[in-house]
Amino acid sequence: MLKLTRDNLVPGLSSSFPDNLQFEISKEWQVNPKRNVQTVVGLKLDDAISANKHGAVLLQVSAPSLQATLRTDVQVTEMGLTTKFSPDDVLVWVTTLKEARPVANANVEIRNDLNQVIWQGMSDPNGFAKAPGWGRLGMTQPNEWSRPRMWVIVTKEDDIAYTMSEWQQGIEPYRFNIVYDWSPEFEPWQGSIFTDRGIYRPGEQVEFKGIFRNRSGGEWMIRNAEMYIRIYDSQNEQMLFDSMKVNEFGSLSSSFKIPADAHLGYYRIEASLKKQTGGIGGGGEGVKIIAAESFRVEAYRVSEFEVTAKIAGKSYVTGDTVKGSLAAKYLFGGVMKGERVRWRMRYEPSGYSPEGWEGYWFGRNAWSYEDAAGPQTKLLFSKDTTLNAKGMLDAEVKTQVGDIRATGSLVLEGEVTSPSRQTISGRTSVTLHGGEFYIGIQPATTFIEKDSVLGYKIIAVTPEGKSVSNITLEAKVIKREWHSVRKASAQGGYEWQSQIVDTTLETIQVVSAVEPVAKLYRPKQSGFYVIEVSGRDARGNQITSDTYFYVSGSDYVAWERTNDDHIELIADKKQYKPGETARIIVKNPYEEVTALVSVEREGIMKHWRTRLKGSAPEIRVPLNEQSLPNVFVSVILLQGRMTKKPELEQATDVGRPSFKIGYVQLNVDPGTRHLTLTTSSDKQNYRPGDTVTVNVSVKDVTGAPLRSEVTISVADKGVLNLIGYKLPDPFDTFYGPRPLAVSTTESRAQ
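Definitions and limits used
Residues numbered from 1 in each chain as written. Predicted model: local features only at pLDDT ≥ 70, side-chain atom pairs only at ≥ 80, totals over all residues. Heavy atoms only, no water. Helix = DSSP H or I, 4+ residues; strand = E, 2+ residues; numbered from the N terminus. Buried < 20%, exposed > 50% of the residue type's maximum accessible area, 1.4 Å probe, protein only. Contact = heavy atoms within 4.5 Å. Areas by Shrake-Rupley, 256 points an atom, 1.4 Å probe, with all protein chains shown as cover. Lys, Arg positive; Asp, Glu negative; His and termini not counted. Charge placed at Lys NZ, Arg CZ, Asp CG, Glu CD. Patch = residues over 30% accessible without salt bridge, like charges linked within 9 Å, V, L, I, M, F, W, Y side chains within 5 Å. Salt bridge = Lys/Arg side-chain N within 4 Å of Asp/Glu carboxyl O. Pairing = 2+ DSSP bridges. Core = buried A, V, L, I, M, F, W, Y, C linked by side-chain atoms within 4.5 Å. Phe/Tyr/Trp six-rings, centres within 6.5 Å; stacked < 30°, edge-to-face > 60°. Axes fitted to C-alpha atoms, helices over the stretch in contact; angles between N-to-C directions. pLDDT = per-residue confidence, 0-100.

Right, let's get into the overall build of the protein chain. The number of helices and strands found in the protein chain is 3 helices and 47 strands. With respect to the three principal axes, the spread of C-alpha positions in the protein chain is 100 × 75 × 60 Å. For the protein chain, with 750 residues in total, the buried portion stands at 46%. Restricting the contact set of the protein chain to residue pairs at least 6 apart, pairs at least 24 apart contribute 70%. Entry remark: accessible area of the protein chain is about 38,800 Å², with carbon and sulfur atoms responsible for 47%. Computing the positive centroid from 89 side-chain charges and the negative centroid from 90, the protein chain places the two 3 Å apart.

Here is the structure:
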């Protein structure tokens, strides 16, 4: 055994140090284990810890007869550490294990793998200590796929507790179904690079454009930078290497002449920056790819003809016969009489909301289907044939009541092959309504407190949005619970088994009217509820819509139990606007608990401690412009010891100090960062040799003109149609959802 202190802890536990440690205490134990049976043996640590039963011990157990050695560390402490790491900052929360109370005035140290103290501080009255992250401390990544390791050591009087940034045991962010940055950077660069048409012949000119930004404090900045531009051919041979500076708009553009004897296939264009690498002290330079895109070099022929698909009606209802057509013609105007065509019609499930009824829920939610998969894509008809004398094909398909039971799209598509063996496809789609009317449900809110009254409205409307009267409907209020049982597992210990139980609390008959029919419901218990309304049309189509609401409160709710330390967080909306406040229900498995709430993305943007009571408590998170385009809310629940520590022979300490953690992503509308771009030309049609004049207008979200850089590309549509190429919209590159760069460790899981 080796007593661990602040000064020898990192060398003792770091895998980067050799195995020649000098252990202070050595003892022998005679153990007579039974074959194939796990045997528990107690080891006294008194010689390696303080008189107050505090300390940390590195323990090595060797069995020479088995040629086996086990090394582990043991913390004997009254302190628990909840720690969040990111390139921007580090948050340490020091609490007592026994009662989950904050520990104030504890000494907090952060060390690197060289055992150097890189930050020191004290915990505040709430037990928090906020420190700079590894990026702000000047630590560099060992390689592109790793982040620097940080050791957190906390001491108070003779007590010591510690954690390390890689000790995430089962609470890694990817386990919470959120987008996670596996290799986060400090103040990262991001970019978009693209070509003018995506496909070229050998000997042609490739025009390319790049747009680049640097993110600092969550905001995109334009900075002076020199980009390396590389182009590789299909054999991975470098065809171009150039160094280019970005302009005042953070962009660059150039061209590349493809050699006449170039290899055919996919080419790759990359933009990269110099980047420090090499671990703790840097030590080297590498390159970081900021943006990449591919284009093709082919011996292609420009499209000779085009194929258009049409469906006669604007929409249909299940039970209708659907009629459509395919037409093929040469680009010079000739028809394609008698050419081969392969066509098909299929059904693809999709949602639909009649116009004019914003705020109403139409159709069923995916989780409400008895078949977890819900409606599936279905091929309705397919055939190989030829075009008629006009270069056309007429298509007709009957949709069957009972065969298609939900709204979706009818897709008509076909491929035509010319005498020169060029194949071009055409495709179109229309909506297939699941019935002659839709049922809409509008709850006043999806979040309500227990014993409050929930108002909801019901309406029946045509697909065009006109209300329908005198339709008899059945409305149900259903409470969903999970009945969970903890059973002994074959591996020892216990595991949860949960089963969904739906209980119908109220069933009423509703007759639709011109105006929505208003109803009320007062929930007596917290939990998850469903409102389901159903009916049938004259054709026999079953029509059902449902919505849900959560009820918060301090009473008990039978949520689903899982065999991990995860909890679910439920947000009241799918998207927010800056200035709004998100309401979040925490599925709390404890009666009353201490919680850490944090708002995160590149770092920890905000955090606070609170007490939560009951199984469905609600927290509120204000959102602002800095929340664009999304943030992540983390909730960590801490529970102290619930029962007396068990005897050594017991396999599981079910009353030990415990924790739960959950994440939810909040999407915030980035529309305030969108530019409005309009273009117009001086004429509709031109002749070869004419000059085209294009007028461009750029305005911000308020409608004010904005000085801007504009990229205009002119290309042959026949070439673009070969691969369906369109210039990319760089908005999503910079204002699409951003991944989480924060990781969490919890000493209670270690």
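On we go.
A cluster of nonpolar side chains, Leu-677, Val-692, Val-694, Val-696, Val-710, Ile-712 and Val-714, forms an exposed patch at the surface whose accessible area comes to about 610 Å². As for its position among the elements, Ile-712 is in the loop between β46 (694-699) and α2 (717-723).

Moving on, we come to the pairing of strand β7 (residues 117-122). Judged from the 5 bridges that link them, strand β6 (residues 107-111) and β7 form a sheet pairing that is antiparallel. Along β7, the bridge assignment pairs Arg-111 with Val-117. Here β6 hands over to β7 after 5 residues, with Asn-115 in that stretch at a positive phi of 70°.

Here we take up the pattern of salt bridges. In the structure shown here, the tally under the stated rule is 43 salt bridges. Two residues, Arg-111 and Asp-7, come together in a salt bridge whose shortest N-O distance is 3.1 Å. Taken together, the residues span a long stretch of sequence, with Arg-111 in strand β6 and Asp-7 in the loop between β1 (2-4) and α1 (9-13) at a distance of 104 residues. The salt bridge partner of Arg-738 is Glu-602, with a shortest N-O separation of 3.3 Å. Of this pair, Arg-738 sits in the loop between α3 (731-735) and β47 (743-746) while Glu-602 sits in the loop between β40 (592-600) and β41 (604-613); the two residues are 136 residues apart in sequence, bridging distant segments of the chain. Assessed through its relative accessible area of 4%, Arg-738 is described here as buried. Residue class for Glu-602 comes out buried when judged on its relative accessible area of 11%.

Here we come to the nonpolar core. With 26 residues, the main nonpolar core has Phe-305, Met-336, Trp-343, Leu-387, Leu-393 and Val-416 as its most contacted residues. Those residues in contact with Trp-343 that sit more than four places away from it in its chain are Leu-326, Phe-381, Ser-382, Lys-383, Thr-385, Leu-393, Ala-395, Glu-396, Val-397, Leu-412, Glu-413 and Gly-414. By size, the runner-up hydrophobic cluster in this structure holds 25 residues, among which are Phe-212, Leu-252, Phe-256 and Ala-262.

Applying the stated criterion across every chain, the model contains 27 aromatic pairs. Ring centres 6.4 Å apart and planes at 40° place the aromatic pair Trp-482 and Trp-559 in the tilted group. With a gap of 77 residues between them, Trp-482 in strand β32 (residues 472-488) and Trp-559 in the loop between β36 (542-552) and β37 (569-571) connect regions that are remote in the sequence. Looking at Trp-482, the relative accessible area reads 12%, which means it is buried. Classification of Trp-559 as buried rests on a relative accessible area of 6%. An aromatic cluster is built from Trp-361, Phe-447, Trp-482, Phe-528, Tyr-548, Tyr-550 and Trp-559, whose rings are joined through pairwise contacts.

Before going further, it helps to examine the sheet that holds strand β2 (residues 55-63). Strand order in the open sheet formed by 3 strands is β1-β2-β3, and the pairing between neighbours is antiparallel. Edge positions in the sheet fall to β1 and β3 (68-76), since each has one partner strand and no second. Between one strand axis and the next, the sheet turns by 25° as a mean value, whatever way the strands run. When β2 meets β3, the two strands line up antiparallel, connected through 9 bridges. Opposite Ala-63, over in β3, you have Ala-68 as the bridge partner.

For the protein chain, per-residue confidence averages 91 on the pLDDT scale, and 95% of positions sit at 70 or higher. Residue range residues 278-284 is modelled with pLDDT below 50. Its contacts to residues more than four positions away, or to other chains, number 20 contacts.

This part takes up the sheet that holds β40. Overall, mixed pairing links the 5 strands, which are arranged β38-β44-β43-β40-β41 in an open sheet. Each edge of the open sheet carries a strand with a single partner, namely β38 (575-576) and β41.

Between Leu-628 and Pro-629 the backbone carries a cis peptide bond, its omega angle lying at -10°. With respect to the element layout, Pro-629 can be found in the loop between β42 (618-622) and β43 (630-639). The phi angle at Asn-115 is positive, at roughly 70°, despite the residue not being glycine. Relative to the helices and strands, Asn-115 resides in the loop between β6 and β7. Residues other than glycine seldom take positive phi values, yet Asn-177 does so here, at roughly 60°. The topology assignment puts Asn-177 in the loop between β10 (159-164) and β11 (189-195).

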